[in-house]
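Notes for the structure review
Each chain, letter by letter, is given below.
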Amino acid sequence: MCKALHGLHNDAVFQDLVADVPTAPYQDLQKLNMDIEAATWDQLDYLENLLKRQLTYYERNMIVCEPRCMACGRSDHMLRAEAANSQGSDPSPIYLKACCICNLAFYCSESHWDAVRHHHAEEACEDGHDGLTQCQMNIEVVQDIKLTKESTMNKSMGFWALERIKSSWESLQNTSWEDEFLSEIAQKYGGSTETARSRVRFASVGLSMPMTILWALEHLNPDALWTQSETLTIHILGAADTEMAHAKTFEEILHRLPELKMLQVSLTTPHLALSSLLVGCSMRARGSQTSEKRDADLKCTSRKCKIIQHYSARTYHDCVRTLGNKFMKPNLAAAFNSGSSLEDTWLWKETMSLLVENKVPSVFTAYNQNEAQGEARILRAMGANLVPALGSVKNVWGSISSGKKL
């Protein structure tokens with residue numbers, strides 16, 4: 001791979017690619033991202049042709065994830081190639097420099113940094129939360145990585161649901177992750193306020209699912225009668241690793257609905273990897289696991305809550321059709337980061353059509369605005385009536401962990 005990269009620097013096509021990179025900062029950031037993507041694919045193709053094999057995951061990431069100037073897209077590879085072919089007296093390459101605050105944003109010259117510094121350090125990050133800048137979000141990335149490593153060593157900080165149970169339903173309107181969880185997590189684990197904030201972000205990866213479900217139910221029901229039900233049924237569509245690994249966090253629904261006695265969660269996925277995922281969760285495919293939770297905070301020795309989780313390695317519409325007249329409409333169907341507008345669209349359209357036909361209250365989440373808008377268009381085409389408070393808008397209870405959106 002090292003020899004291949006060296007050959008890349010001396011390749012005539014790559015040199016032409018580098019020569020085409022504008023010396024002035026890009027004014028159109030979308031055009032910059034498109035050009036970076038095109039250049040990345042060209043480099044990957046060259047390396048695979050030279051090596052006569054496919055690149056490994058880590059080799060591809062060396063190119064795909066390499067730092068680039070925020071203003072022009074140059075990488076250290078490009079800067080070295082420019083220096084090697086320089087006609088000037090000094091062939092020494094100019095290396096990328098990093099933001100002195102976060103060390104995760106890069107630039108190739110002071111003039112380029114001056115052109116993009118305000119985007120990085122002054123403007124709210126589009127993919128961020130609470131109005132944080134990209135620089136501030138990058139600092140959180142480092143904190144979150146440290147906490148992830150810590151949680152790997154300390155399994156008690158893994159995927160969990162808080163043990164407290166609310167005495168009554170409390171609306172999720174006009175509240176936030178820190179409002180709901182900061183003090184409880186600080187009390188549970190101790191440490192500084194900044195550490196507690198990092199743990200809130202860490203917890204939000206799994207808790208985003210139950211919180212999004214509750215948020216959707218609050219907006220899809222005309223009154224609060226649903227909060228008084230003894231049984232609640234949720235169908236999770238296209239379940240994947242995240243839903244399986246964080247299955248325990250569905251207890252948060254029970255903890256916020258004190259009158260709820262049974263929560264039924266059905267997870268469907270057509271992926272064959274379901275069985276191995278369930279082994280990791282100590283659950284059985286096509287079976288169910290029942291867990292009981294005692295209200296320890298209120299010291300109520302008589303109250304017991306039950307979660308029943310069902311799994312099926314099929315698409316949702318196949319499951320419903322198999323059940324026929326036995327199909328019972330759930331309180332909510334949820335698809336988390338389904339990618340339904342980009343992948344397996346024809347399968348998702350069948351599921352969406354069935355949801356609309358049966359008038360199943362549903363919520364879909366996406367990684368970004370483009371995906372959300374694409375899914376909204378498909379749902380409207382199927383005849384769905386979208387609730388303005390739910391979409392396509394930013395998910396108030398999406399994960400705020402850096403790099404983990406839900």
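Located above this text is the structure these notes cover.
Scope of this entry: the structure provided in the associated data block. (Residues numbered from 1 in each chain as written. Predicted model: local features only at pLDDT ≥ 70, side-chain atom pairs only at ≥ 80, totals over all residues. Heavy atoms only, no water.)

1. Comments concerning unusual backbone geometry
For the record, the criterion: Classification of residues uses two cut-offs on accessible area relative to the type maximum, computed with a 1.4 Å probe and protein chains only: under 20% is buried, over 50% is exposed, and between them is partly exposed.
Unlike most non-glycine residues, Asn174 shows phi in positive territory, near 55°. With relative accessibility at 80%, the residue Asn174 sits in the exposed group.

2. Considering the pattern of salt bridges
Worth spelling out the cut-off: One speaks of a salt bridge when a side-chain nitrogen belonging to Lys or Arg is within 4 Å of a carboxyl oxygen belonging to Asp or Glu. Strands here mean DSSP runs of E at least two residues long; helices mean DSSP runs of H or I at least four residues long; both are numbered from the N terminus.
Counted according to the given criterion, the structure contains 19 salt bridges. We note a salt bridge from Arg197 to Glu194, for which the minimum N-O separation is 2.9 Å. Note that Arg197 and Glu194 are positioned in helix 9 (residues 193-220) at a spacing of three residues, about one turn of the helix. The exposure class of Glu194 is partly exposed, given its relative accessible area of 40%. Connected via shared salt-bridge partners are Arg164, Glu180, Glu184, Glu252 and Arg256.

3. Concerning the packing of helix 3 (residues 29-51) against helix 4 (residues 57-64)
The test is simple: Helix axes use the C-alpha atoms of the stretch in contact, all axes being lines fitted to C-alpha atoms, and the angles between their N-to-C directions lie in the range 0 to 180 degrees. Put simply, angles under 35 degrees are roughly parallel, angles over 145 are roughly antiparallel, angles from 65 to 115 are roughly perpendicular, and the rest are oblique. Each helix crossing is assigned a hand: it is left-handed if the near helix lies turned anticlockwise from the far helix by less than a right angle, otherwise right-handed if that turn is clockwise. Whether two residues touch is decided by their heavy atoms; if any such pair falls within 4.5 Å, the residues are in contact. Polar here means any residue other than Ala, Val, Leu, Ile, Met, Phe, Trp, Tyr, Cys and Pro, which are nonpolar, and Asp, Glu, Lys and Arg, which are charged; Gly is therefore polar.
Where helix 3 meets helix 4, the axes come as close as 10 Å, and the angle between the chain directions of the two elements is 140°. Relative to helix 4, the element helix 3 lies oblique. Helix-helix and strand crossings are classified by hand; for helix 3 and helix 4 the assignment is right-handed. Contacts between helix 3 and helix 4 involve Thr40, Trp41, Gln43, Leu44, Leu47 and Glu48 on the former and, on the latter, Arg60, Ile63 and Val64. Tallied by class, the residues present in the contact of helix 3 with helix 4 amount to five nonpolar, two polar and two charged.

4. So, the environment of Ala124
Along the chain, Ala124 turns up in the loop between helix 6 (110-121) and helix 7 (134-153). Using a relative accessible area of 55% as the deciding quantity, one classes Ala124 as exposed. Note: C-alpha distance between Ala124 and Gln136 (twelve residues apart in sequence) is 9.4 Å. Apart from the residues lying within four places of it in its own chain, the contact partners of Ala124 are Gly131, Leu132 and Thr133.

5. So, the nonpolar core
Condition: Among buried residues, those of type Ala, Val, Leu, Ile, Met, Phe, Trp, Tyr and Cys that are joined through side-chain atoms within 4.5 Å constitute a nonpolar core.
Membership of the largest hydrophobic core comes to 42 residues, with the highest contact counts inside it found for Ile213, Ile236, Ile253 and Leu263. Listing elements by their share of this core, those giving two or more residues are helix 8 (177-189), helix 9, strand 3 (231-237), helix 11 (251-256), strand 4 (262-268), strand 6 (300-312) and strand 7 (332-335). Counting residues per element, this core draws most heavily on helix 9, at eleven residues. The residues contacting Ile253, other than those within four sequence positions of it, are Pro210, Ile213, Leu214, Leu232, Leu260 and Leu263. By size, the runner-up hydrophobic cluster in this structure holds 29 residues, among which are Phe14, Leu55, Tyr107 and Cys135.

6. Some details on helix 6
Here is the rule: It is the directions from the helix axis to the C-beta atoms whose arc is reported.
Where helix 6 is concerned, the buried positions are His112, Trp113, Val116 and His120. The buried residues of helix 6 occupy one face: seen down the axis, they fall within an arc of 100°.

7. Comments concerning the pairing of strand 3
What counts here: The pairing criterion is simple: DSSP has to find at least two bridges between the two strands.
In terms of burial, strand 3 is a largely internal element, six of the seven residues being buried. Relative to strand 4, strand 3 runs parallel, the two sharing seven bridges. Residue Thr233 lies in a different strand from strand 4, and its bridge partner there is Gln264. For strand 3 and strand 7, the ladder comprises three bridges, and the chain directions are parallel. Bridging from a neighbouring strand, Ile234 pairs with Leu332 of strand 7.

8. A word on the packing of helix 8 against helix 9
Between helix 8 and helix 9, the least distance of the axes is 9 Å, while the angle of their chain directions is 120°. It follows from the interaxial angle that helix 8 and helix 9 lie oblique. Of the two possible hands of crossing, helix 8 and helix 9 adopt the one that is right-handed. Here Trp177, Glu178, Phe181, Leu182, Ile185, Ala186 and Tyr189 of helix 8 come into contact with helix 9, specifically with Thr193, Ala196, Arg197, Arg199, Val200, Ala203, Ser204, Leu207, Ser208 and Met211.

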